[in-house]
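What follows is each chain in one-letter form.
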Amino acid sequence: MAKVANHNAEYDPVFGDYVALLKPRVMSLVVFTAFVGLMAAPVRLHPVEAFCAILFIAIGGGASGSLNMWWDADIDAIMRRTKSRPIPSGRTSPDAALGLGVALSGLSVLMLGLAANWHAAAWLAFTIFFYAVIYTIWLKRATPQNIVIGGAAGAFPPLIGWVAATGSVSIEAVLMFALIFMWTPPHFWALALFMRSDYDDADVPMLTVTHGRPATRRHILAYAVLQAALAIGLAFTSIGGLIYLTVALICNTIVLKDALRIWRRDEQASEADNFKVERSFFKFSLLYLFVHFLAILAEALLAPYGLGGWS
Amino acid sequence: MSFRVETDMHRRRRSQNLGVAICLVLFIGLVTVLSLVKITNTGPVEGYDHAPRSSVTKEASQ
């Protein structure tokens, strides 16, 4: 980690600066997917236990975000997208981010173990370690596959939610993990195609830089195909159903169509319309994940009324 | 007239202190409610009180 010198010791952070260290936008995705994982599980937790489980999974996610900001403060200061974060903008010190991240990691794992079970707590501890150490410290700056590895960390929350309810991992939990895992790389590679200067300036080895932009386009298509297979496969498990299958078929048709267009285009065509297709792929992929998990949630909530699932 | 001059530093520290205080109160409340739920959802517990327990005596097992 490179030292960031612009922290003003006399400038006390407000409480919101500490909240910003936890990456609240990422936390909202963690809360949503963990909630769906927990609700889709065949075992129901007491509402208070379920609330605590979701809260501490989210705090664990936030803690890993704070550790990520501590380590990446030097490159965050270079990239336009991240330069207003609390550490590069001088609102908090790197030490505060480290302290907050370590303290909340311990607290969240301990409390998830007490509120739900120790199996779920172990998965949360592994997720924090995976994101903060394996991804952020070891691999992000070393390999162009950084997005693939980082995507795995973001894919764990629904699995942890499922384990918090059932106490064990099952095929449904693994498929929910795999869906987010496959979704992440094409989402960020599409972003890298039209926001290229940010990653180049920070010397982060993005696939666009190390393997070239045509290779990135091929990767987006390959991952979109795998993602479609997984998303549709999930429909035929115990958490799928007609609603989910319909959503998966519509969304994956759109994604595959856009991925094909991205693969066929060259740089000239993309620059001519200011990366219209790449931008549209990126925007739709945000909706894609939300809608898939919403459909899983709908299946779970409608099942007691005989409307969800395949039965 | 107040002798203390309110500075931006005071405002920021008050925001920090208030935020931490609210988080602590909410955390204590949450642990209390969680404990109550865990205790009430647990079945009858037979403690080790140095007295013969009916469930482990020979008569009960027969």
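For the structure itself, consult the block above.
A few points on the structure. (Residues numbered from 1 in each chain as written. Chains lettered and ligands numbered in written order. Predicted model: local features only at pLDDT ≥ 70, side-chain atom pairs only at ≥ 80, totals over all residues. Heavy atoms only, no water.)

1. Focus on the environment of A122 of chain A
Residues and elements named next belong to chain A.
Working step 1: Mapped onto the secondary structure, A122 falls in helix 6 (residues 118–139).
Working step 2: Among the residues examined, A122 registers a relative accessible area of 44% and is labelled partly exposed.
Working step 3: Separated by 12 residues in the primary sequence, A122 and I134 place their C-alpha atoms 16 Å from one another. (Helix = DSSP H or I, 4+ residues; strand = E, 2+ residues; numbered from the N terminus. Buried < 20%, exposed > 50% of the residue type's maximum accessible area, 1.4 Å probe, protein only.)

2. Things to note about the side chain of S270 of chain A
Working step 1: Mapped onto the elements of the fold, S270 of chain A is located in helix 13 (residues 267–272).
Working step 2: Other than its neighbours up to four places away in sequence, S270 of chain A contacts R217, R265, F275 and E278 of chain A. (Contact = heavy atoms within 4.5 Å.)

3. Regarding the layout of surface pockets
Working step 1: Of the volumes computed, that of the second largest pocket is approximately 770 Å³.
Working step 2: Considering the residues around the second largest pocket, the lining is formed by 20 residues, among which F15, L22, I59 and L104 of chain A together with C23 of chain B are closest to the centre.
Working step 3: Taken together, the elements giving at least two residues each to the lining of the second largest pocket come down to helix 1 (15–21), helix 2 (24–40), helix 3 (47–71) and helix 5 (94–115) of chain A together with helix 1 (8–41) of chain B.
Working step 4: Counting residues per element, the lining of the second largest pocket draws most heavily on helix 1 of chain B, which supplies six residues.
Working step 5: Looking at the lining of the second largest pocket residue by residue, the class counts come to 20 nonpolar, no polar and no charged. (1 Å grid on protein atoms, 1.4 Å probe; cavity = no way out; pocket = protein on both sides within 12 Å on 5 of 7 lines; lining within 4 Å. Points joined across faces, edges and corners; volume = space filled by probe spheres on them. Nonpolar A, V, L, I, M, F, W, Y, C, P; charged D, E, K, R; others polar.)

4. Remarks on the packing of helix 2 of chain A against helix 14 (residues 276–302) of chain A
All names here are of chain A.
Working step 1: One way to put it is that helix 2 packs onto helix 14 with a least axis distance of 9 Å and a crossing angle of 30°. In terms of orientation, helix 2 and helix 14 fall into the roughly parallel class. Between helix 2 and helix 14 lies a crossing of left-handed hand. Taking contact as the criterion, the partners of L29, F32, T33, F35, V36, M39 and A40 in helix 2 are, on helix 14, L289, F290, F293, L294, I296, L297, A300 and L301.
Working step 2: Partitioned by chemical class, the residues of the contact of helix 2 with helix 14 number 14 nonpolar, one polar and no charged. (Axes fitted to C-alpha atoms, helices over the stretch in contact; angles between N-to-C directions. Parallel < 35°, antiparallel > 145°, perpendicular 65-115°, else oblique. Left-handed = near helix turned anticlockwise from the far one by under 90°.)

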